[in-house]
Amino acid sequence: MTAQTPTSFLEKVAQRSGLNNEADAQRAANVVFRIMRDMMYNKTSNQIEADLKENASDAEQDAVDLWQDYNVMVAFFSRISPAQNLHLRSSTFWLRLKQEGALPEDVTPQEAAKAVFSATKEILPEERSQEIAQLLPDEVGQVWAAA
């Protein structure tokens, strides 16, 4: 008997990261996407959302929902924030993911991010993937490239 290949975005993230379930994967992906959106202008974020909508399979539409952010207030304030395009250090990215994502002790922020990045890159066109790579700080960018 072979294992079923994950089809949803969250199934992929859970499997690739070692997170225990889709709820943990959802929380991690939501935070990764939130931090990524903080590092870009609304125009770039909107283009990524459009690319996700256009390219995600029916099973992967959860990625679109996560990019939009389930927390309506956070999504709203990030859109109107004058502090768009934040230049975060890798250490800040990892710290935010660990704390906000409530990652289990046995899953590092790097493992969680790599799983989210990997599943995301499968959906986005190469041009968008390269654009995101340019926005990410050194170590985070290396994890993106390796995903």
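Residues numbered from 1 in each chain as written. Predicted model: local features only at pLDDT ≥ 70, side-chain atom pairs only at ≥ 80, totals over all residues. Heavy atoms only, no water.

Time to look at the overall build of the chain. Secondary structure assignment for the chain yields 9 helices and 0 strands. Reading the helices (α) and strands (β) of the chain from amino to carboxyl end gives α-α-α-α-α-α-α-α-α. Within the chain, the fraction of its 147 residues that count as buried is 48%. Intrachain contacts of the chain at a sequence separation of at least 6 include 74% that bridge at least 24 residues. Put simply, the chain shows about 7,700 Å² of open surface, and 51% of that area lies on carbon and sulfur atoms. (Helix = DSSP H or I, 4+ residues; strand = E, 2+ residues; numbered from the N terminus. Buried < 20%, exposed > 50% of the residue type's maximum accessible area, 1.4 Å probe, protein only. Contact = heavy atoms within 4.5 Å. Areas by Shrake-Rupley, 256 points an atom, 1.4 Å probe, with all protein chains shown as cover.)

Looking now at the nonpolar core. Grouped together as the largest cluster of nonpolar side chains are 41 residues, with contacts concentrated most on F9, V32, F33, M36, F93, L97 and F117. When contributions to this core are tallied by element, the ones reaching two or more residues are α1 (9–17), α2 (22–38), α3 (42–55), α4 (62–68), α6 (90–100), α7 (109–121) and α9 (138–146). Apart from residues no more than four positions distant in its own chain, F117 is found in contact with V32, M36, F93, L136, V140, V143, W144 and A147. (Core = buried A, V, L, I, M, F, W, Y, C linked by side-chain atoms within 4.5 Å.)

Below, the discussion takes up unusual backbone geometry. Look at A102: it is not a glycine, yet its phi comes out positive at around 45 degrees. Checked against the element boundaries, A102 lands in the loop between α6 and α7. Judged by relative accessible area, A102 falls into the partly exposed class, the value being 45%.

Remark: α6 packs on α7, axes separated minimally by 9 Å, with the N-to-C direction vectors making an angle of 90 degrees. Here α7 runs roughly perpendicular to α6, going by the angle between their axes. In this structure, α6 uses F93, W94, L97 and K98 to contact α7, whose residues at the interface are P109, Q110, A112, A113 and F117. (Axes fitted to C-alpha atoms, helices over the stretch in contact; angles between N-to-C directions. Parallel < 35°, antiparallel > 145°, perpendicular 65-115°, else oblique.)

What follows concerns α9. At 3.6 residues per turn, the α-helix brings residues three or four places apart onto the same side. Every buried residue of α9 is accounted for by V140, G141, V143 and W144. One side of α9 holds all its buried residues, which, seen down the axis, span an arc of 155 degrees. Of the exposed residues in α9, the ones pointing more than 90 degrees away from its buried face are D138, Q142 and A145. Elements that come into contact with the buried residues of α9 comprise α2, α6, α7 and α8 (126–135). (Arc of directions from axis to C-beta.)

Chain-level pLDDT for the chain is 90 on average; 88% of the residues reach the 70-or-more range. Summarising per-element confidence for the chain, the mean pLDDT is lowest in helix α5 (residues 72–80) (68) and highest in α7 (98). (pLDDT = per-residue confidence, 0-100.)

Here α2 contains 17 residues, and its C-alpha end-to-end distance of 24 Å stays within 8% of the 24 Å for a straight helix at 1.5 Å per residue. Most of α2 sits inside the fold, with 13 of its 17 residues counted as buried. One side-chain oxygen at the N-terminal end of α2 lies 3.0 Å from the backbone nitrogen of A23; it belongs to N21. (Expected span 1.5 Å × (residues − 1). Polar contact = N/O pair within 3.5 Å; in protein donor to acceptor, adjacent residues only side chain to side chain.)

Before going further, it helps to spend a moment on the side chain of S17. By the element assignment, S17 lies in helix α1. By relative accessible area, S17 is classed as buried at 6%. Within the local environment of S17, its side chain forms a polar contact with the backbone oxygen of V13, the two atoms lying 2.7 Å apart. The contact partners of S17, leaving out residues within four places of it in the chain, are V107, E111, A112 and A115.

A word on the environment of L86. Considering the arrangement of structural elements, one finds L86 in the loop between α5 and α6. Look at L86 and you get partly exposed, because its relative accessible area is 31%. Separated by 48 residues in sequence, L86 and D38 have C-alpha atoms that sit 5.9 Å apart. The residues contacting L86, other than those within four sequence positions of it, are D38 and M39.

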